[in-house]
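Structural characterization, general
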Protein chains: 2
Amino acid sequence: MTSYRFAVNVTPKPGILDPQGRAMEGSLGHLGIVGVSGVRVGRRVELTVDAADEPAARVTVEQLAAELLSNPLIEAYDIELLAAASSIVGAARGT
Amino acid sequence: MTSYRFAVNVTPKPGILDPQGRAMEGSLGHLGIVGVSGVRVGRRVELTVDAADEPAARVTVEQLAAELLSNPLIEAYDIELLAAASSIVGAARGT
């Protein structure tokens, strides 16, 4: 078994209203920050999966991302591999 | 002026308690998903910055990330450049 550290980025789909992003964009104007637009607020979930190999780990993460971490009607997700095996020890210690 | 699309990933610092991540980890067990650990839940903010060049755009994003998007006591952030110039038109349309 090897440990793989992944990040799942969940963002509102294009065309879906994002009130949090809108609110943030509105606040920036009041703070005198200009030239910022298209603010979209999503989630980022980082997790470690123990699996025999990377494809097996990806299957687990893919299932989690599609079924639990995102709402497929309004959200899109993408998966990033952050690290494999012993190099994740430091990152996982914080949990 | 060129438009640059960035993502800011904000995650709880190592060692900082993450109740949302803990709750998610606990739920996985009940759902019969095993081998997942070290779940940390953060935010991902995507935004477009208009600036003269990429370093200038990064200065704006860096300021936003440090002062507005994250709480420096308990959160860490990292910045990703997603795309520059005309290639962002499609991505920004969803806002």
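Preceding this section is the structure that the text describes.
The text that follows walks through the structure, step by step, so that each part is easy to find. Given the structure is predicted, the values throughout are model-derived calculations rather than measurements. Every chain is numbered independently, its residues counted from 1 as its sequence is written. In the order they appear in the text, chains get letters beginning with A and ligands get numbers beginning with 1. Per-residue local features are limited, in this predicted model, to residues with pLDDT of at least 70; the limit for side-chain atom pairs, both in listing and counting, is 80 or more; totals at the level of whole chains, interfaces and linings are taken over all residues. Side-chain numbers come from the whole structure's heavy atoms, not from hydrogens or water.

Right, let's get into the overall build of chain A. By the criteria applied, helices consist of DSSP H or I runs no shorter than four residues and strands consist of E runs no shorter than two, each listed in order from the N terminus. From N to C terminus, chain A includes three helices and three strands. Beginning at the N terminus, the succession of helices and strands in chain A can be written as β-α-β-α-β-α. The buried share of chain A, taken over its 95 residues, is 40%. With an accessible surface of roughly 4,800 Å², chain A has 57% of that area assigned to carbon and sulfur atoms. Buried, partly exposed and exposed residues are distinguished by accessible area as a fraction of the type maximum, computed with a 1.4 Å probe on protein chains only: under 20%, between the cut-offs, and over 50%, respectively. Every accessible area reported is derived by Shrake-Rupley at a probe size of 1.4 Å, with residue values counting cover from the shown protein chains alone.

Inspection of the secondary structure assignment puts threonine 48 of chain B in strand β2 (residues 36-51). Here the side chain of threonine 48 of chain B touches arginine 5 of chain B through a polar contact of 2.8 Å, side chain to side chain. Pairing of N or O atoms within 3.5 Å defines a polar contact, subject to two protein rules: one partner must be a possible hydrogen donor and the other a possible acceptor, and residues neighboring in sequence count only if both atoms are side-chain atoms.

The next thing to look at is helix α1 (residues 19-30) of chain A. Multiplying 1.5 Å by the helix residue count minus one yields the expected span of that helix. In a regular helix each residue adds 1.5 Å, so 12 residues correspond to 16 Å; α1 of chain A covers 17 Å between its end C-alpha atoms and thus fits that length. Trailing α1 of chain A by a residue or two, glycine 32 of chain A shows a phi angle of about 80°, which is positive.

Moving on to the layout of surface pockets. Residues and elements named next belong to chain B. Any residue with an atom within 4 Å of a point lines the site, the site being either a cavity, points on a 1 Å grid over the protein atoms alone where a 1.4 Å probe fits but cannot get out, or a pocket, an open set with protein on both sides within 12 Å along at least 5 of 7 lines. Grid points are joined across faces, edges and corners, and a volume is the space filled by probe spheres set on the points. The space that makes up the largest pocket amounts to roughly 180 Å³. Lining the largest pocket are 13 residues; nearest its centre among them are Gln20, Val41, Gly42, Arg43 and Glu75. Counting residues per element, the ones that place at least two in the lining of the largest pocket are β1 (2-12) and β2. Following the grouping adopted for this structure description, the nonpolar residues are Ala, Val, Leu, Ile, Met, Phe, Trp, Tyr, Cys and Pro, the charged ones are Asp, Glu, Lys and Arg, and the polar ones are all others, Gly among them. Looking at the lining of the largest pocket residue by residue, the class counts come to six nonpolar, three polar and four charged.

Looking only at helix α2 (residues 54-69) of chain B, the buried set comprises Ala57, Thr60, Val61, Leu64, Ala65 and Leu69 of chain B. Projected down its long axis, α2 of chain B carries its buried residues within an arc of 130°, all on one side. Opposite the packed face of α2 of chain B, turned more than 90 degrees from it, sit the exposed residues Pro55, Val59 and Glu67 of chain B. Among the structural elements, α1 and β2 (36-51) of chain A together with β1, β2 and β3 (75-84) of chain B are those in contact with the buried residues of α2 of chain B. Where α2 of chain B starts, the residue carrying a side-chain oxygen 3.1 Å from the main-chain nitrogen of alanine 56 of chain B turns out to be aspartate 53 of chain B. What the arc measures is the spread of directions leading from the helix axis to the C-beta atoms. Note on definitions: a residue-residue contact is assigned when non-hydrogen atoms from the two residues lie within 4.5 Å.

The next subject is the sheet that holds β3 of chain B. The sheet built from six strands is open, its strands ordered β3(A)-β1(A)-β2(A)-β2(B)-β1(B)-β3(B) with antiparallel pairing. The strands lining the two open edges of the sheet, one partner per strand, are β3 (75-84) of chain A together with β3 of chain B. Adjacent strand axes in the sheet meet at a mean angle of 25° when their direction is disregarded. Taken together, the 11 bridges between β2 of chain A and β2 of chain B define a ladder with antiparallel strand orientation. Considered in β2 of chain B, the bridge of glutamate 46 of chain A is made with arginine 40 of chain B. Should DSSP find at least two bridges between two strands, the strands are taken to pair. Fitted lines through C-alpha atoms serve as axes, helices being fitted only where they are in contact, and the angles separating the N-to-C directions of these axes extend from 0 to 180 degrees.

Here we come to the interface of chain B and chain A. The interface of chain B with chain A comprises 34 residues on the first partner and 34 residues on the second. Taken together, the two surfaces of chain B and chain A that pack against each other cover about 2,800 Å², and 60% of this comes from carbon and sulfur. One side-chain nitrogen of Lys or Arg within 4 Å of one carboxyl oxygen of Asp or Glu is enough to make a salt bridge. Counting the contacts that link chain B with chain A gives zero salt bridges. Inspection of the region where chain B meets chain A yields 10 residue pairs in polar contact (both at pLDDT 80 or more). Among the elements of the structure, β1, α1 (19-30), β2 and α2 of chain B are those that each provide at least two residues to the side of chain B that touches chain A. Top element by residues in the side of chain B that touches chain A is β2 of chain B. It accounts for 15 residues. Residue classes in the side of chain B that touches chain A are distributed as 15 nonpolar, 11 polar and eight charged. Buried area is understood as the total, over both parts, of accessible area removed when two parts are fitted together, assessed with a 1.4 Å probe.

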